[in-house]
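Coordinate analysis (summary)
Below are the chains, spelled out letter by letter.
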Amino acid sequence: MAPKSDNAEAIQKSLDSLADSGKISFREFGKQKVYIARQDQFDIPNSEELIQMKEENAKLQQQLEEQKKATSLVEGEIKALQTNLTLEQIREREVKLKKEVKEMEDRLVKLRGGVTLVKPEDRKVVEEMFLEKLNQWRKRKRMFRDVWDTITENMPNDPKEFKEELGIEYDEDIGVSLLSFSNMGQRDKKRVRVQ
């Protein structure tokens, strides 16, 4: 790489050469020279030419806007086409959907025919769990009654008021009946035996 002073000298020589050939002029301000391009070498347009250039510029600007709009329309079409499925993808999807429809139709035929889709061993597990929970409910209800009766037996106040004061609700207060659930469990037992 040449030192900066060599570059400066080369530039200075080039500027002096251009000044000697009359392409640029310069003025000296002490040790400094200011170089200026000579304006007489340029064609300066008259007012009619300027108006014509402005009109041409406006036309070119309008053409540019039209090209931008056309480009954005084409880009929009390209994006729309890229989101569409190919014929191969459509065929794959059709096969998949036909398979799903077939499976659903087979299941619907079974349901209409009254076939139980729950395996007997799964049903038995659920019924046993239901009966176990029902028995726990019955035991806890009995335990609560025993404790409640013991607490309220010698109370001077009305047990109903005490119950409301504590915010206690019986199953019946909220429309739940252990008996209805027990009956449902009994019906399920009979149905299991019949099948």
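Residues numbered from 1 in each chain as written. Predicted model: local features only at pLDDT ≥ 70, side-chain atom pairs only at ≥ 80, totals over all residues. Heavy atoms only, no water.

Let me state the cut-off plainly: UniProt positions are given in the numbering used here, feature names are shortened, and annotations may be inferred rather than shown by experiment.
For the protein, the name recorded in an unreviewed UniProt entry is Homologous-pairing protein 2 homolog, with Acer negundo as its organism. Quoted verbatim from the Subcellular location (unreviewed entry) heading of the UniProt record, the comment on the protein is "Nucleus".

**Concerning the overall build of the protein**
Counted only if it meets this: Where helices and strands are cited, they refer to DSSP runs of H or I of at least four residues and of E of at least two residues respectively, numbered from the N terminus. Accessible area is worked out with a 1.4 Å probe on protein chains only. A residue is then buried under 20% of its type maximum, exposed over 50%, and partly exposed in between. For the area figures, the Shrake-Rupley method with a 1.4 Å probe applies, and any residue is considered shielded solely by the protein chains shown.
In terms of helices and strands, the protein carries six helices and two strands. For the protein, the α and β elements follow one another from N to C terminus as α-β-β-α-α-α-α-α. Here the C-alpha coordinates of the protein stretch approximately 125 × 60 × 50 Å along the principal axes. Burial status across the protein gives 7% buried among its 195 residues. Element-wise, carbon and sulfur atoms account for 55% of the exposed surface of the protein, whose accessible area totals about 17,900 Å².

**Description of the packing of helix H4 (residues 120-152) against helix H5 (residues 159-166)**
This is how the line gets drawn: Inter-axis angles, ranging from 0 to 180 degrees, are taken between N-to-C directions of lines fitted to C-alpha atoms, where helices are fitted over the stretch in contact. Should the near helix be turned anticlockwise from the far one by less than a right angle, the crossing is left-handed, and should it be turned clockwise, the crossing is right-handed. Here, residues are in contact when the closest pair of their heavy atoms is within 4.5 Å. Note on residue categories: nonpolar means Ala, Val, Leu, Ile, Met, Phe, Trp, Tyr, Cys or Pro, charged means Asp, Glu, Lys or Arg, and polar means any other residue, Gly included.
Taken N-terminus to C-terminus, the directions of H4 and H5 make an angle of 115°; their axes are 11 Å apart at the nearest point. Every pair of crossing elements has a handedness; the one defined by H4 and H5 is right-handed. Two secondary-structure elements touch here, H4 through Trp148, Ile151 and Thr152 and H5 through Pro159, Phe162, Lys163 and Leu166. Looking at side-chain class alone, the contact of H4 with H5 contains five nonpolar, one polar and one charged residues.

**Re the packing of aromatic side chains**
Rule in force here: Two aromatic rings, drawn from Phe, Tyr or Trp (for Trp, its six-membered ring), form a pair once their centres lie within 6.5 Å of each other, and the interplanar angle then sorts them: stacked below 30 degrees, edge-to-face above 60, tilted otherwise.
The final tally for this structure, using the stated rule, is four aromatic pairs. Ring geometry for Phe144 versus Trp148: centroids 5.8 Å apart, planes at 20°, classification stacked. Of the two residues, Phe144 and Trp148 are both situated in helix H4; the distance of four residues between them amounts to about one turn of the helix. Centre to centre, the rings of Phe144 and Tyr170 are 6.3 Å apart; their planes meet at 70°, and the pair counts as edge-to-face. Taken as a pair, Phe144 in helix H4 and Tyr170 in the loop between H5 and helix H6 (178-194) lie far apart in primary sequence, 26 residues in all.

**Details of a negative patch on the surface**
Short version of the rule: For patch building, the residue pool is restricted to those with more than 30% relative accessible area and no salt bridge; the joining distance is 9 Å between like charges and 5 Å between nonpolar side chains (Val, Leu, Ile, Met, Phe, Trp, Tyr). Only one rule defines a salt bridge in this text: a Lys or Arg side-chain nitrogen within 4 Å of an Asp or Glu carboxyl oxygen. Within this scheme the basic residues Lys and Arg register as positive and the acidic residues Asp and Glu register as negative, but His and the chain ends are omitted. Charge positions are represented by NZ for Lys, CZ for Arg, CG for Asp and CD for Glu.
Where like charges cluster on the molecular surface, the negative patch consists of Asp158, Glu161, Glu164 and Glu165. Along the chain, the position of Glu165 falls in helix H5. Classification of Glu165 by relative accessible area gives exposed; the value is 66%.

**With respect to the environment of Arg140**
Structurally, the position occupied by Arg140 is in helix H4. C-alpha separation for the pair Arg140 and Lys59, spaced 81 residues apart in sequence, amounts to 92 Å.

**Points about the pattern of salt bridges**
Applying the stated rule across the entire model yields six salt bridges. When the shortest N-O distance is used, the salt bridge between Lys33 and Asp16 registers 3.7 Å. Placement of the pair is Lys33 in strand S2 (residues 32-37) and Asp16 in helix H1 (residues 4-21), with a sequence separation of 17 residues. On the basis of relative accessibility, which here comes to 34%, the residue Lys33 falls in the partly exposed class.

**Looking at the UniProt feature "domain: Leucine zipper with capping helix" (unreviewed entry) in the protein**
Following the UniProt record, the feature "domain: Leucine zipper with capping helix" (unreviewed entry) maps to residues 118-174 here. Secondary structure across residues 118-174 divides into 72% helix and 0% strand, with the first and last C-alpha atoms of the span separated by 32 Å.

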